Amino acid sequence: NDRFNAQAGAAFYHLSRPEFLTYSGSPERMYSRIAVHANFHFANNYMDRIAIEPRFQAFIQGPSTEVNVGLMVALLLQEGSKYTAFNKGYAVNFGVYYRVLDSFSPSVELEIGGITIGFAYDTNLSGLTRVTYGRGGSEVYLKSQNPNKFLNFSRKPSFI
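Attention in this report is confined to the structure presented alongside it.

Rules and cut-offs
Residues numbered from 1 in each chain as written. Predicted model: local features only at pLDDT ≥ 70, side-chain atom pairs only at ≥ 80, totals over all residues. Heavy atoms only, no water. Helix = DSSP H or I, 4+ residues; strand = E, 2+ residues; numbered from the N terminus. Buried < 20%, exposed > 50% of the residue type's maximum accessible area, 1.4 Å probe, protein only. Phe/Tyr/Trp six-rings, centres within 6.5 Å; stacked < 30°, edge-to-face > 60°. Patch = residues over 30% accessible without salt bridge, like charges linked within 9 Å, V, L, I, M, F, W, Y side chains within 5 Å. Areas by Shrake-Rupley, 256 points an atom, 1.4 Å probe, with all protein chains shown as cover. Salt bridge = Lys/Arg side-chain N within 4 Å of Asp/Glu carboxyl O.

1. Quick look at unusual backbone geometry
Moving on, step 1. Not every positive phi belongs to a glycine, and His14 is a case in point at roughly 60 degrees.
Moving on, step 2. With respect to the secondary-structure elements, His14 resides in the loop between strand 1 (3–13) and strand 2 (19–21).
Moving on, step 3. Exposure remark for His14: the relative accessible area of 30% places this residue in the partly exposed category.
Moving on, step 4. For Arg17, which is not glycine, the phi dihedral falls at a positive 50 degrees.

If you want it as structure tokens, here you go:
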């Protein structure tokens, strides 16, 4: 009876490699970009109010690459109502993201229904640390998820 959910996606941008002018006036072609992501949600009957959520995303555009991995622990505070949809359900997530060879970001999120409001703080781990002394910057973000993972139409309440 373990609960498992997975989401994955990919996108390809600038297929035609459009041309643009630089500040110096010389024309250049834009690199194509590939984006991939995956999110997982693990919960079981023994810890039905706690879930583990590994996350991954990667972006490749020409010579530039960015890879992010994260692990969040979700604490279910209120399950969504099944029949009336008045209560959307909410949870608090705590965790960390790692941008490979660049930064480390502790994060906290509040999920209300299909909307997530989050806060993260980047700490530099790369060669930039010599200049910034490891300080980074704060980030506030908003994201939407459909369908709402708090609504469960099975007979037993669960996190998924």
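This is not the end of the story, as more comes after the structure.
2. What to know about the packing of aromatic side chains
Moving on, step 1. Inspection of the entire model under this criterion finds three aromatic pairs.
Moving on, step 2. Seen in terms of ring centroids, Phe4 and Phe42 are 5.0 Å apart; in terms of plane orientation they differ by 40 degrees. Their pairing is tilted. With Phe4 in strand 1 and Phe42 in strand 4 (residues 33–43), this pair connects stretches of sequence that are 38 residues apart.
Moving on, step 3. Under the relative-accessibility criterion, Phe4 is labelled partly exposed at 49%.
Moving on, step 4. Plain terms: the ring middles of Phe40 and Phe42 are 6.5 Å apart, the flat faces sit at 20 degrees to each other, and that makes the pair stacked.
Moving on, step 5. What makes Phe42 partly exposed here is its relative accessible area of 38%.
Moving on, step 6. Cluster of aromatic residues (ring-pair linked, three or more members): Phe4, Phe40 and Phe42.

3. Some remarks on a nonpolar patch on the surface
Moving on, step 1. Judged by side-chain polarity, Phe4, Phe40, Phe42, Ile50, Ile52, Leu71, Val73, Leu75, Leu77, Tyr90, Leu110 and Ile112 come together as a nonpolar surface patch covering roughly 950 Å² of accessible area.
Moving on, step 2. Of all the elements in the fold, those that place two or more residues in the nonpolar patch are strand 4, strand 5 (50–61), strand 6 (64–78) and strand 8 (103–112).
Moving on, step 3. The greatest single-element share of the nonpolar patch, amounting to four residues, is contributed by strand 6.
Moving on, step 4. Counting through the fold element by element, Leu71 comes out in strand 6.
Moving on, step 5. Classification of Leu71 by relative accessible area gives partly exposed; the value is 43%.

Purely geometric stuff here, so don't read any function into it on its own.
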